[in-house]
Amino acid sequence: MRLRPIAVLVLLSTIGLAQEDPWPLEYWVDRLESDTSERRAEAAMAIGRRGPAAREAIPALEAALQRGHGEGVIDALAAIGEDARPALLALLKGEDAMRRAQAFAALAGMGPSALPQLVEALSDSDSKVRAVAARELAKLETDLAPATTALVAALDDPDWMVRQGAATAIERIGPAASAAVPKLVALLREPGAVKREIIGGALARAGTPGLEALLDAYPTSDGSMRSEIERALDRIEGLDGDAV
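Residues numbered from 1 in each chain as written. Predicted model: local features only at pLDDT ≥ 70, side-chain atom pairs only at ≥ 80, totals over all residues. Heavy atoms only, no water.

Caption draft 1: Geometry of the overall build of the chain. Of regular secondary structure, the chain possesses 15 helices and 0 strands. The contacts of the chain with a sequence gap of at least 6 include a subset with a gap of at least 24, amounting to 62%. A total accessible area of about 12500 Å² is found for the chain, and carbon and sulfur atoms account for 52% of it. (Helix = DSSP H or I, 4+ residues; strand = E, 2+ residues; numbered from the N terminus. Contact = heavy atoms within 4.5 Å. Areas by Shrake-Rupley, 256 points an atom, 1.4 Å probe, with all protein chains shown as cover.)

Caption draft 2: The arrangement of helix α12 (residues 181-189) in detail. Every buried residue of α12 is listed here: V181, L184, V185, L187 and L188. Seen end-on, α12 carries its buried residues on one side only, within an arc spanning 160°. Contacts made by the buried residues of α12 are with α11 (160-173), α13 (196-204), α14 (207-217) and α15 (223-234). (Buried < 20%, exposed > 50% of the residue type's maximum accessible area, 1.4 Å probe, protein only. Arc of directions from axis to C-beta.)

Caption draft 3: Focus on the nonpolar core. Ranked by internal contacts, the top residues of the largest apolar core, which has 83 residues, are I47, L77, L151, I170, L184 and L203. Ignoring sequence-local partners within four residues, the contact set of L77 consists of I58, L61, L65, A84, A87, L88 and M110. (Core = buried A, V, L, I, M, F, W, Y, C linked by side-chain atoms within 4.5 Å.)

Caption draft 4: Layout of the confidence of the model for the chain. With 89% of its residues at a pLDDT of 70 or more, the chain shows a mean pLDDT of 88. Overall, residues 8-18 carries pLDDT values under 50, and its contacts beyond four positions in sequence, including any with other chains, amount to 19 contacts. (pLDDT = per-residue confidence, 0-100.)

Caption draft 5: Molecular detail of the packing of aromatic side chains. Summed over all chains, the structure comprises 2 aromatic pairs. A centroid spacing of 4.3 Å and a plane angle of 15° characterise the contact between W23 and Y27, whose relative ring orientation is stacked. Assessed through its relative accessible area of 42%, W23 is described here as partly exposed. Here the aromatic rings of Y27 and W28 are separated by 4.8 Å at their centres, their planes lie at 80°, and the arrangement is edge-to-face. Every member of this aromatic cluster is reached through a ring pair, and the members are W23, Y27 and W28. (Phe/Tyr/Trp six-rings, centres within 6.5 Å; stacked < 30°, edge-to-face > 60°.)

What follows is the structure, given as structure tokens:
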């Protein structure tokens, strides 16, 4: 398992495995204004390792972003946690798409309360932000049913990463997302639109409409598609093996 930098900082600050830091918080806050990116990144990471105890550094971290010095700052805000949520939410309104994407990912790491922001991000003007939102929604440990409408709409996104993330999230919703079935079938028929195993999984979890769609799509000359449909049907509990 590969942990993201945010997760590493949170883990270290939580279980106390970070190397003993002999410097006070003020030292690292001052280093955020260093003239080299390496020192600024080191300072941000040192602040992040302290987790929630570094809440007093939030204004300095925000100031670093305003100066255009973003090295590790968003990860540090995420590691600080709930006290840094307003700062992360403020980043969602900025013009820098990369920072918006990083802020959405950081908020998602804080748990289910990020659901409204991630749903809103599915309609962001930048495809990178939309892709991050779809990916993080698929991983968010909460009921995704309130996001169904937005996720179904995201299946039409021109970016395949957004479509794939949306389909993965829809699979988790199950029968409550049966409205997605027509679009899922269309993607299943289009080679390369989304990984067919993901589409098959979403259809297999979509209840009766998904089952009917898989059976209707099975008579095809596309061997790859037919094999994926068979795998999807195998995942449906209680289905007669002679159904196809």
